[in-house]
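# Working through the structure, step by step
Here are the chains, one letter per residue:
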Amino acid sequence: MEISAKYNPEGIEQKWYDQWISNKLFASTPDHRPSYTVVIPPPNVTGILHMGHMLNNSIQDILVRRARMLGYNACWVPGTDHASIATETKVVNKLKEEGISKDDITREEFLNHAFDWKDKFGGIILDQLKKLGCSCDWERTRFTMEPDLSEAVIDSFIDLHKRGYIYHGTRMINWDPVGKTALSDEEVNHEEQQAKLYYVKYKLENSDDFISIATTRPETIMGDTAVCVHPDDERYQKLIGTKCIVPLVNRAVPIIADDYIDLEFGTGALKVTPAHDINDYELGKRHNLATIDVFNEDATISEAAGVFVGEDRFKARKLAALELEKLGVLIKTEDITNKVGKSERSKAVIEPRLSAQWFVDMKKFMADYPEVLSEVMDDDIKFHPAKFKNTYNHWLTNIKDWCISRQLWWGHRIPAWYSPTGEIVIARTSAEALELFEDKSLQISDIKQDEDVLDTWFSSWLWPISVFNGFQESGKEELDYYYPTADLVTAPDIIFFWVARMIMAGHAFKGEKPFKNVYFTGIVRDKERRKMSKSLGNSPDPIKLMNHYGTDGVRMGLMLSAPAGNDILFDESLCEQGRNFCNKLWNSFRLIHGWKTTPQRNEYYKEYGDKAHDWMIAKISSVTEVVNQHFDNFRISDALMELYKLTRDEFSGWYLEMIKPTYGDPIPQKDLDKSIVMFDAILRLLHPFMPFITEELWQSITERNGAFINNQEWPSYETSSTPINDNVFQLISEIRAKRNENGISPKVSASIAMNDSNSAVYQSASGIIEKLANVESFDDEIENGFKVLVGTDEVNIGFKDFVQKIDVEAVKAKIKRLNSFLFGIEKKLGNEKFIANAKPEVIQREEQKKADTLSKIASLEGQLN
RNA sequence: GGGAGCUUAGCUCAGUUGGUUUAGAGCAUCUGCCUUACAAGCAGAGGGUCGUUGGUUCGAAUCCAACAGUUCCCA
């Protein structure tokens with residue numbers, strides 16, 4: 001059958017994926033083999049595939065497929081995350097479009113809508129991962145809100161509470177006034193913005209004098225309960241202990257002193273609003289100040305403020321400034337840049353807010369589980385690249401308590417129950433709760449469950465355990481086999497959200513680390529280093545890319561540009577390079593496949609066939625070794641580049657040319673068989689990177705009877721010397737170069753001559769040189785030939801009717817350069833301290849360099865005479 | 001404001017303990033080829049005083065210091 005000259009992935013990808021699945025190639029159950037486990041970073045259940053997922057999951061697939069070939073029982077567990085706040089936001093917006101407000105429906109109604117949404121969009125991303133070729137064990141697909149995993153979340157909450165790590169308390173938290181929920185510190189991003197600094201006069205009590213303060217937030221003036229200065233500030237010494245009048249509300253507040261104050265900023269006097277700033281809150285606690293909350297939960301001005309009630313906070317800021325000006329107490333405004341915290345999800349400006357929430361006591365936790373830090377610092381869990389150890393260390397040593405309650409409905413509802421008197425108990429069910437209350441007269445109808453749900457990450461931190469049902473008795477056996485997992489592949493922006501917390505959960509619930517390696521991928525940007533975003537329109541649609549370039553081409557394009565930890569600058573031309581490479585591979589098969597065979601080996605194959613095969617084996621061997629090392633260091637793009645060069649340059653460029661029969665002639669069966677062995681090894685090495693084309697070609701070589709390439713062995717390597725000297729290839733290149741430089745057609749055959757002393761190396765491969773460089777004879781002497789240096793060997797190349805015109809100036813320039821190089825070596829060798837201090841092999845190397853240089857110079861000088 | 005990292009060819013990056021590197025790769029560029037597997041290809045070529053300055057050393061892209069530029073994290 002005729003094979004197309006171009007690789008056409010259409011049809012091929014789906015065909016093999018279906019077969020892999022129907023043959024349960026990716027299914028794993030515990031057995032005698034060592035396990036190799038990867039848990040997928042669960043994408044948002046309603047998310048769709050973007051370039052970050054493409055990168056991340058391609059890497060995981062490469063690792064998993066290779067592990068399978070290395071003989072591990074590879075298990076890649078897929079699944080999705082309910083993504084509490086992200087999904088709830090989407091559902092709220094969708095309902096809004098339908099004219100339904102979340103405030104008007106019940107929790108149950110809302111959850112029905114949310115589950116409808118999840119059923120409609122949930123799992124799209126998993127199908128997209130199949131298109132990418134991901135070799136997940138799909139029968140193990142989990143979802144963080146399914147019953148078993150929910151039970152694990154609730155149990156772990158109860159457990160941690162029992163052990164004193166979870167507490168309920170009123171603290172200053174990050175409040176998202178749009179999502180109307182608390183957020184953890186990690187969900188807040190600080191962004192620089194232009195702002196105004198307002199200088200405002202506060203009248204002193206019983207005096208006509210003023211004290212001036214500077215603030216960026218005049219709308220919170222109504223909540224001021226003090227003015228604070230530095231105790232050493234000479235300007236304000238006399239005022240400490242007196243009172244001043246807060247404008248707009250005319251409240252007398254004390255002037256206090258605290259060395260928290262920055263003498264340089266503004267006027268050196270600070271208005272203190274304990275309800276609306278974390279530092280002011282701390283000041284308030286130290287100085288026993290009142291707390292006046294002037295905001296509602298949507299950050300409109302509250303009744304407590306007394307003025308501007310009901311106005312939005314940003315409008316209130318303008319109104320307050322106007323009013324202050326009208327009162328004549330606004331001295332001036334100044335443009336400054338400051339940083340404001342914004343919600344990662346809703347982008348709303350965060351308000352610090354005093355509120356009752358659930359927290360994990362991280363200080364206590366870290367005191368009890370110091371290995372969470374030390375294990376990473378000691379490389380028990382290895383971070384790739386290692387620079388993230390610093391980030392990790394810094395975060396953990398300054399860790400704050402983790403606010404885990406969210407004022408949302410989509411998520412795991414907190415198992416806390418309240419009695420009418422405010423007693424709180426923690427229990428799975430209302431019935432269990434009832435037994436725990438001290439007041440035994442309470443009825444089920446008297447108690448109420450906490451309305452809030454848990455932070456999404458409070459479920460995903462259990463992922464490496466919970467996907468195996470590790471919290472249930474039924475999962476113990478699997479957990480023992482698959483846990484700890486091998487490698488985690490994830491983006492660096494969730495190092496705190498997820499990576500650190502999985503390590504915590506691993507220790508808290510399993511007493512062991514969750515994984516051995518963490519590979520942090522880069523962030524995918526466009527070629528101008530801009531982040532990919534919807535609004536910029538610079539994010540390609542992965543599905544379209546795969547359709548256009550073939551999945552293997554896209555995977556390869558991504559991997560060629562993805563060194564660990566560096567951002568990857570994605571450019572579609574990389575996919576083109578990937579596609580072209582697929583084509584190269586395709587055509588090398590086409591070549592081999594097209595050969596007719598003969599049982600007889602002619603003179604050429606007798607003499608050179610085995611040399612070529614052994615040379616190729618040695619190349620594959622040494623590249624395999626290097627590739628393995630790259631994998632050990634998670635240098636996946638380097639591994640791919642090695643294989644790219646092996647395939648294109650060594651295999652296609654040199655080896656196939658060496659063993660290719662003359663046009664129309666058959667190839668000896670033995671040599672064809674050998675070439676297929678080589679091709680097979682290359683396909684296996686490439687398979688993790690480009691699963692589809694390698695399967696297609698591997699299956700095309702011969703009938704496989706239901707076997708698949710991913711179940712074949714990863715090539716092993718042995719060090720062997722190559723039977724063909726590198727100088728042979730260099731000589732061939734020199735002959736081609738001379739043709740190129742002088743416009744001599746490849747069809748004009750050449751003859752070569754060289755010194756007897758070095759000719760053996762070339763003589764032993766003379767047939768190969770003749771074949772690849774169109775050389776017709778090895779002569780003793782050639783007149784008017786082109787003299788070239790191969791290493792230090794002088795070779796004379798002759799082409800019929802072509803005479804080398806020696807470029808005297810160029811040769812002289814070369815000699816000059818070599819002489820100055822020689823001068824440097826001689827200087828070094830003449831230096832007594834160098835001879836005394838350098839290692840003998842270093843000195844020997846210099847001696848060798850000197851000898852080589854001298855012989856090169858002699859040869860060039862010979863050309864001038 | 002605190003911390004970490006980075007700076008090597010036009011671009012993206014390698015360069016492990018200082019000496020086989022008179023600095024490498026891929027892409028891009030240039031030249032010549034539709035040669036019989038592949039023009040989605042082949043054969044060649046050019047291109048960097050390793051951010052700057054100073055120091056340590058027989059020897060520095062590599063170690064140290066300062067400076068400049070840049071990125072990220074935290075507050």
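Residues numbered from 1 in each chain as written. Chains lettered and ligands numbered in written order. Predicted model: local features only at pLDDT ≥ 70, side-chain atom pairs only at ≥ 80, totals over all residues. Heavy atoms only, no water.

### Examining the side chain of Asp-455
Take Asp-455: it is sitting in the loop between β21 (453-454) and α13 (457-460). Ignoring sequence-local partners within four residues, the contact set of Asp-455 consists of Ser-184, Glu-187, Trp-402, Cys-403, Ile-404, Arg-406 and Arg-501. (Helix = DSSP H or I, 4+ residues; strand = E, 2+ residues; numbered from the N terminus. Contact = heavy atoms within 4.5 Å.)

### Let's talk about the protein's contact with RNA strand B
Surrounding RNA strand B, one finds 39 residues, the nearest of these being Lys-339, Asn-587, Arg-590, Tyr-663 and Arg-845. When atoms of RNA strand B within 4 Å of the protein are sorted by moiety, sugar and phosphate together comprise 59%. The separation between a sugar or linking oxygen of RNA strand B and a polar side-chain atom of Arg-635 is 2.9 Å. At 2.9 Å, a side-chain N or O of Ser-733 approaches a phosphate oxygen of RNA strand B. Those elements that provide at least two residues to the surface near RNA strand B are α11 (388-397), α19 (572-594), α21 (636-659), α24 (726-742), α28 (832-837) and α29 (840-864). The dominant element in the surface near RNA strand B, judged by the number of residues it contributes, is α19, at 9 residues. Partitioned by chemical class, the residues of the surface near RNA strand B number 11 nonpolar, 13 polar and 15 charged. (Near = heavy atom within 4 Å. Polar contact = N/O pair within 3.5 Å; in protein donor to acceptor, adjacent residues only side chain to side chain. Nonpolar A, V, L, I, M, F, W, Y, C, P; charged D, E, K, R; others polar.)

### Some words on the pattern of salt bridges
With the rule as written, the count across this model stands at 49 salt bridges. Salt-bridge contacts for Arg-684 lead to Asp-680; the nearest nitrogen and oxygen are separated by 2.7 Å. Of the two residues, Arg-684 and Asp-680 are both situated in helix α22 (residues 669-686); the distance of 4 residues between them amounts to about one turn of the helix. Given the relative accessible area of 14%, Asp-680 is considered buried. One network of salt bridges, with partners in common, ties together Arg-217, Glu-219, Arg-313, Arg-317 and Glu-351. (Salt bridge = Lys/Arg side-chain N within 4 Å of Asp/Glu carboxyl O. Buried < 20%, exposed > 50% of the residue type's maximum accessible area, 1.4 Å probe, protein only.)

### Quick notes on the pairing of strand β8 (residues 210-215)
Relative to β8, strand β7 (residues 188-204) runs antiparallel, the two sharing 6 bridges. Bridge assignment links Tyr-202 to a residue of β8, and that residue is Ile-211. Counting the residues in the hairpin turn of β7 and β8 gives 5 residues, including Asn-206, whose phi is positive at 60 degrees. (Pairing = 2+ DSSP bridges.)

### What to know about the sheet that holds strand β19 (residues 424-426)
Strand order in the open sheet formed by 3 strands is β19-β18-β20, with antiparallel pairing between adjacent strands. Each of the sheet's edge strands pairs with one partner strand only, and the pair in question is β19 and β20 (448-449).

### What to know about the confidence of the model for chain A
Summary statistics for chain A give a mean pLDDT of 91 and a share of 99% for residues scoring 70 or more. Here the predicted complex scores 0.93 on pTM and 0.95 on ipTM. (pLDDT = per-residue confidence, 0-100.)

### Topic: the side chain of His-53
Mapping His-53 onto the fold places it in helix α2 (residues 51-69). The exposure class of His-53 is buried, given its relative accessible area of 17%. The residues contacting His-53, other than those within four sequence positions of it, are Pro-43, Ile-48, Ser-58 and Ile-125.

### Quick word on a nonpolar patch on the surface
Side chains of Ile-806, Val-808 and Leu-864 sit close together on the surface and give an oily, nonpolar patch of about 200 Å² of accessible area. Of note, Val-808 is situated in helix α27 (residues 808-830). Residue class for Val-808 comes out partly exposed when judged on its relative accessible area of 37%. (Patch = residues over 30% accessible without salt bridge, like charges linked within 9 Å, V, L, I, M, F, W, Y side chains within 5 Å. Areas by Shrake-Rupley, 256 points an atom, 1.4 Å probe, with all protein chains shown as cover.)

### Observations concerning the sheet that holds strand β5 (residues 166-176)
In spatial order, the strands read β6-β5-β14-β16; together these 4 strands make up an open sheet with antiparallel pairing. What marks the edges here is a single partner per strand, and that holds for β6 (181-183) and β16 (402-403).

### Here's the deal with the nonpolar core
Counting residues in hydrophobic clusters, the biggest one holds 181 residues, and the most contacted among them are Phe-383, Tyr-392, Phe-458, Met-658, Ile-735, Ile-752 and Ile-769. At 12 residues, α21 tops the list of elements feeding residues into this core. Once you skip the residues sitting within four places of it in the chain, Tyr-392 turns out to touch Val-372, Leu-373, Val-376, Phe-383, Ile-495, Ala-500 and Ile-503. If you look at the next biggest cluster of nonpolar residues, it comprises 30 residues, including Ile-211, Ile-292, Ala-305 and Leu-330. (Core = buried A, V, L, I, M, F, W, Y, C linked by side-chain atoms within 4.5 Å.)

### Describing the packing of helix α18 (residues 551-560) against α21
Two elements in contact, α18 and α21, have axes separated by 8 Å at closest approach and are oriented at 120 degrees. Viewed along their axes, α18 and α21 adopt a mutual orientation that is oblique. Together, Met-556, Met-559 and Leu-560 of α18 and Ile-636, Ser-637, Leu-640, Met-641 and Tyr-644 of α21 make up the contact between the two elements. Partitioning the contact of α18 with α21 into residue classes produces 7 nonpolar, 1 polar and no charged. (Axes fitted to C-alpha atoms, helices over the stretch in contact; angles between N-to-C directions. Parallel < 35°, antiparallel > 145°, perpendicular 65-115°, else oblique.)

### Considering the packing of aromatic side chains
All told, the structure shown has 40 aromatic pairs when counted by the stated rule. Relative to Phe-509, the ring of Phe-471 lies with its centre 5.3 Å away and its plane at 65 degrees, an arrangement referred to as edge-to-face. A residue pair is termed long-range when its members are at least 10 positions apart, and Phe-471 in the loop between α14 (463-466) and α15 (476-482) and Phe-509 in helix α16 (residues 495-510) qualify at 38 residues. Each ring, one from Tyr-481 and one from Tyr-482, has its centre 4.9 Å from the other, and the planes form 80 degrees; the classification is edge-to-face. Residue class for Tyr-481 comes out buried when judged on its relative accessible area of 17%. Among the aromatic residues, those joined into a cluster by ring pairs are Phe-157, Trp-358, Trp-402, Phe-458, Trp-461, Phe-471 and Phe-509. Just above the ring of Phe-210 sits the side chain of Lys-201; from NZ or CZ to the centre is 4.7 Å. If you follow Arg-353 out to its NZ or CZ, it ends over the ring of Trp-175, 4.6 Å from the centre. (Phe/Tyr/Trp six-rings, centres within 6.5 Å; stacked < 30°, edge-to-face > 60°. Lys NZ or Arg CZ within 6 Å of the ring centre and 35° of its normal.)

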